[in-house]
Amino acid sequence: VRDLRDLARKNGIRIGSAVDAAVLRSEADYRRVLNREFTHLTAENAMKWESVEPERGVFTWDDADAVVENARRNGQQVRGHTLIWHNQLPAWLTSGVADGSIGPAELRTILRDHIRTQVGRYKGKIRAWDVANEVVDDEGNLRQSIWLEHLGPGYLADAFRWARQADPRAKLYLNDYNVEWNQGKIDRYLALVKELQAQRVPIDGMGFQGHLGIQYDYPAGWADVMRSFADLGLEIAVTEMDVRMVLPVTPEKLATQAEYYSRALADCLSVKACREFTVWGFTDRHSWVPGWFEGEGAACILDEDLRPKPAYHALLATRRR
Ligand code: G3I
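Residues numbered from 1 in each chain as written. Predicted model: local features only at pLDDT ≥ 70, side-chain atom pairs only at ≥ 80, totals over all residues.

Draft legend 1. The arrangement of the site of the ligand in detail. The local shell around the ligand consists of Glu44, Asn45, Asn87, Gln88, Asn133, Gln209, Glu240 and Trp288. Of the residues assigned to the shell around the ligand, the class counts are 1 nonpolar, 5 polar and 2 charged. (Near = placed C-beta within 6 Å. Nonpolar A, V, L, I, M, F, W, Y, C, P; charged D, E, K, R; others polar.)

Draft legend 2. Spotlight on the nonpolar core. In this structure, Val67, Trp129, Val131, Ala159, Ala163 and Tyr261 are the most contacted members of the largest nonpolar core, which totals 87 residues. Discounting residues that sit within four places of it in the chain, Tyr261 has contacts with Val243, Ile301, Ala311, Ala314 and Leu315. (Core = buried A, V, L, I, M, F, W, Y, C linked by C-beta atoms within 7 Å. Buried ≥ 20, exposed ≤ 12 C-beta atoms within 10 Å, placed from the backbone. Contact = placed C-beta atoms within 7 Å.)

Draft legend 3. The arrangement of helix α11 (residues 222-230) in detail. Of all the residues in α11, the buried ones are Trp222, Val225, Met226 and Phe229. Viewed end-on, α11 has its buried residues packed into an arc of 100°, placing them on one side of the element. (Helix = DSSP H or I, 4+ residues; strand = E, 2+ residues; numbered from the N terminus. Arc of directions from axis to C-beta.)

Draft legend 4. Helix α3 (residues 28-37), seen in detail. Those residues of α3 not exposed but buried are Tyr30, Leu34 and Glu37. What you see down the axis of α3 is that its buried residues fit within an arc of 85°, all on one side. Turned more than 90 degrees from where α3 packs its buried face, Ala28, Asp29, Arg32 and Arg36 sit exposed.

Draft legend 5. Layout of unusual backbone geometry. Following His81, the chain continues to Thr82 via a peptide bond in cis, the omega torsion being 5°. Relative to the helices and strands, Thr82 resides in strand β3 (residues 77-84). With an omega of 5°, the peptide bond running from Leu247 to Pro248 counts as cis. For Pro248, the position within the fold is in the loop between β8 (235-246) and α12 (251-269). The backbone of Gln88 sits at a positive phi, close to 50°, despite the residue not being glycine. Since 12 C-beta atoms lie within 10 Å of it, Gln88 is described here as exposed.

Shown next, in the form of structure tokens:
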């Protein structure tokens, strides 16, 4: 196995990375490694609502377009991330809802138009959409958000239906973190999927973000969790894999990290419905982790100089069993 593309081909799976659109433009070595190694891309921030419509009715598609265009030129597929989230919403929307100038009926129209516009723009170019991101909280309840508060729980069914109309061939996903192991969250998602299916809502996939850390036990039941969603007829994807550690980096920590990455890929490969394994950034040079977890980092499979870490080699050595 030469590289991740070769691994992907030999195992019949897509191997992806999140992409920082600004870095894609400015760093040639980042671009070269991204396109050499990966068969699937997710825009790390460029397709989020605040990125594409920072002012009401003013659309800024350049970064999102650049990711899609890079994929086209390099034979990569794309995961759209994300249509509905409680974070990275544009200020005009959150403040309009907060001060009451945008009421529930208008909010529903705004959401419908957002989905139609964005999914429609990339029709045929996005393999899978994260339609709804992180809509269940860690207590296993539907997450409080402007959507739940003002539109009620029916917003989810509406969103999937609008997305399906705008691009009938895109796979439509729920996506979240801690679903690898949090039983309350797992149960709520399984129930949610069944409810949506009972209403004939078009839902195709469950995305497991896979943000792990070596200071916690590896989620040993993850493959079984994947299977429980696959048993409902869903496709599975690992959508944002990374494995952080408390700094400083040591050879022992890198070895544990390598084992976590390899187990995660092996878990995915052990489930027939798992079709994509995407890392949330491929180099420690550009990773969300240090900015969010004080004292932690080194979560990616290549180091800051784009040199392979043990985790990269461990992925290459992982086989479908
Ligand atoms: O672009 C602005 C820049 O103009 C400004 O000067 C700078 C100052 O803070 O901020 C820049 O925006 C940052 C943005 O990333 C782009 O780099 C935001 O502050 C920062 O909050 C934002 O973080 C992103 C985070 O989502 C926001 O929630 C991370 O890059 C991104 O990796 C992370 O991704 C999420 C997934 O979408 C969903 N799952 C969890 C995952 C990790 O949090």
